[in-house]
Every structure is written in structure tokens, then in C-alpha cells.
Amino acid sequence: MAELYDVQNPWDPARYRSDAFYTDLVMAAGTVLDVGCGTGSMLHHARSAGHAGRLVGVDPDVPSLRRARARADIEWVEGTAADLAWKGEFDLATMASNAFQCFVSDDDLRASLTAIHAALRDGGVFAFETRHPQAHAWEDWNPSNASDVVSGGRTLRVWHEVESVMDGVVTFTETTGEQDGTVLHVGRTSLRFLDVPELNTFLEEAGFTIQAQYGDFQHGPLTPASRSIVTLARR
Ligand SMILES: C[S@@+](CC[C@H](N)C(=O)[O-])C[C@H]1O[C@@H](n2cnc3c(N)ncnc32)[C@H](O)[C@@H]1O
């Protein structure tokens, strides 16, 4: 499934505003910690583009990390954000592609933010985005929006089904199947949707100052139509 993720989500700053947003920050920072790095594509790209400093990717998903480790000139660590033990070492921490929404419980959110804050040097920045709850993104996560993905020479179909929307947490399945509907894999995920005041309260409680908050990756303001909350939080 990690291979499929890369086919569906290639890191391409020339094509995607979100990838350009993070890549600009990464290339300008000396030391970078990518939390929830997945298959590592953002850091792979940064190294290929000439980043000469320390790059570290952390993720609890072993198959994703196996793909990330294709590059040995980047540090890869298996673990969750709450497990981070670095103190004051990074200029920049990132969570790209809505990885932040994997923090579902209040306890995990608090522990993760405290650990990310501690890993940054004073003045270091945590950059991430989270889908804005006002846009109800989960309403598009249904089988009628299935997509076909070509991987390893065969065409697979991927679709989503929402199981529950409760207290800001959306639980859904992602099914990968053959074209004829034969199911190959089902994964279940819960994602938390925080609005701006809730999000900022968690950040401030962990010791962060909100440096900037945007409604898109072109530094546009947050509006009632924003689909994302893009945040730069400073230690
Ligand atoms: C949507 S993927 C994003 C991957 C990568 N950042 C990207 O842009 O392609 C979310 C990632 O967050 C990871 N994740 C889930 N829970 C986590 C946690 N508690 N701490 C750190 N990463 C986590 C998942 O394993 C997954 O690789």
C-alpha cells in the first residue's frame, strides 16, 4: 500500500502548491524533522534538490519507512510524534499532507505537540496543515469517487467509505481492489478535524506562538470558504 501511496501522491513542487510550500521551508532550514514522513518523498526531494543539512524523518508505519530508507543519506526513525526524544535540535518540524489529523485523542495531541515543541530549537518553526472542518471534506469520501491507480503494471481501484463522524473525528475505510471489485486490502483510519480556536488552544498550551495561519498554500487568509488551516507555529 505504501507503493500505491507514492503513485497517488507524488511529491512535485512544480505541480502542487502544497509541495512547493513545504519544500520552500525545508530548503531554507538547516535542520529538518519531518513528523509522519510516510514514504519520505518530501525529504528525498529536498536531498535531491541539494539540501546539505540534517534531515530526519519519523513515522510509525514500517512499510512506509522501508520505502523511505531507499535513501541512506537521510535519518529515518520508527516511532510516533509523542515518542520523539530530541531536545532543541531542529530549525523546522513539518507534518505534510494532513498527517497532523492522525492525532485523534486530546492526550495524543498534547503529548505529540509537547514532543515536537521540545525537539525544536528556540525560534524553530512547526509547519503543518489540517483540513478545515467547515469544508466537510469527508462528504467526498465515498465509493462514487473511486479512483483508478496504475501500479506494478496493473490497474487497481481505490475507494473510501465513511463509517462515522463523531465529535470532530471521522472514521473511514480505504479499500484497494481489482477493477472487477475483488477486494485486496481494507485499511481503517480515524482523523480529527479541529477548528481554528481549538487548534490554537492546543498549540498555545504546548508552548507555541502562532506565527502565521493561512487558508491555503499561497498564503491566502483564512475565510469561511477555506478548506485547510495552514499553520506556522514558533517555539
Ligand atoms: C497522510 S500520510 C502523510 C505522509 C507524508 N507526510 C506525505 O506528505 O506524504 C500520514 C502519515 O502519518 C503517520 N502517522 C500516523 N500516526 C502518527 C503519529 N502518531 N505520529 C507520527 N506519524 C503518524 C502515518 O503512518 C502516515 O505515514
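Residues numbered from 1 in each chain as written. Predicted model: local features only at pLDDT ≥ 70, side-chain atom pairs only at ≥ 80, totals over all residues. Heavy atoms only, no water.

Asker: Would you explain the domain arrangement of the chain in this entry?
Answerer: When the parts of a complex come together, some accessible area is lost, and that lost area is often used as the size of the interface. In terms of domain boundaries, the chain breaks down into domain 1 (2–132 + 194–234) and domain 2 (134–192). Here domain 1 and domain 2 have C-alpha centroids that lie 23 Å from each other. With both chains or domains summed, domain 1 and domain 2 bury close to 1500 Å², and 52% of this area falls on carbon and sulfur atoms. Three residues stand out in domain 1 for area buried against domain 2, namely Leu 4, Val 104 and His 132, and they jointly supply 34% of the buried area on that side. The interface formed by domain 1 and domain 2 holds 1 salt bridge in total. Here Asp 106 makes a salt bridge to Arg 192, at a shortest N to O gap of 2.8 Å. When residues of the side of domain 1 that touches domain 2 are traced back to their parent elements, those giving at least two are helix 1 (2–8), helix 5 (106–119) and strand 5 (120–131). Broken down by element, the residue count for the side of domain 1 that touches domain 2 peaks at 4 residues, all from helix 1. Residues belonging to the side of domain 1 that touches domain 2 are distributed by class as follows: 10 nonpolar, 7 polar and 4 charged. (Domains from an automatic or database assignment. Buried area = accessible area lost by both parts, 1.4 Å probe. Salt bridge = Lys/Arg side-chain N within 4 Å of Asp/Glu carboxyl O. Helix = DSSP H or I, 4+ residues; strand = E, 2+ residues; numbered from the N terminus. Nonpolar A, V, L, I, M, F, W, Y, C, P; charged D, E, K, R; others polar.)

Asker: Would you mind showing me how to read the site of the ligand here?
Answerer: Around the ligand, 15 residues are found, and the nearest of them are Tyr 5, Gly 36, Asp 59, Ala 81 and Ser 97. Contacts to the ligand include Ala 81, whose backbone N or O atom sits 3.0 Å from a nitrogen atom. Contact between the ligand and Ala 96: a nitrogen atom at 3.3 Å from a main-chain N or O atom of the residue. Compared with its free state, where it exposes 600 Å², the ligand has 82% of that area covered by protein. Looking at the shell around the ligand, its residues break down into 9 nonpolar, 4 polar and 2 charged. (Near = heavy atom within 4 Å. Polar contact = N/O pair within 3.5 Å; in protein donor to acceptor, adjacent residues only side chain to side chain. Areas by Shrake-Rupley, 256 points an atom, 1.4 Å probe, with all protein chains shown as cover.)

Asker: Would you explain the pattern of salt bridges in this entry?
Answerer: Opposite charge on two side chains permits pairing when their charged atoms draw close. Summed over all chains, the structure comprises 10 salt bridges. For Arg 54, the salt bridge goes to Glu 89, with nearest N and O atoms at 2.6 Å. Of this pair, Arg 54 sits in strand 2 (residues 54–59) while Glu 89 is found in the loop between strand 3 (75–78) and strand 4 (90–95), placing the two residues 35 residues apart along the sequence. For Arg 54, a relative accessible area of 25% corresponds to the partly exposed category. Where salt bridges share partners, they join Arg 54, Glu 75 and Glu 89 into one cluster. (Buried < 20%, exposed > 50% of the residue type's maximum accessible area, 1.4 Å probe, protein only.)

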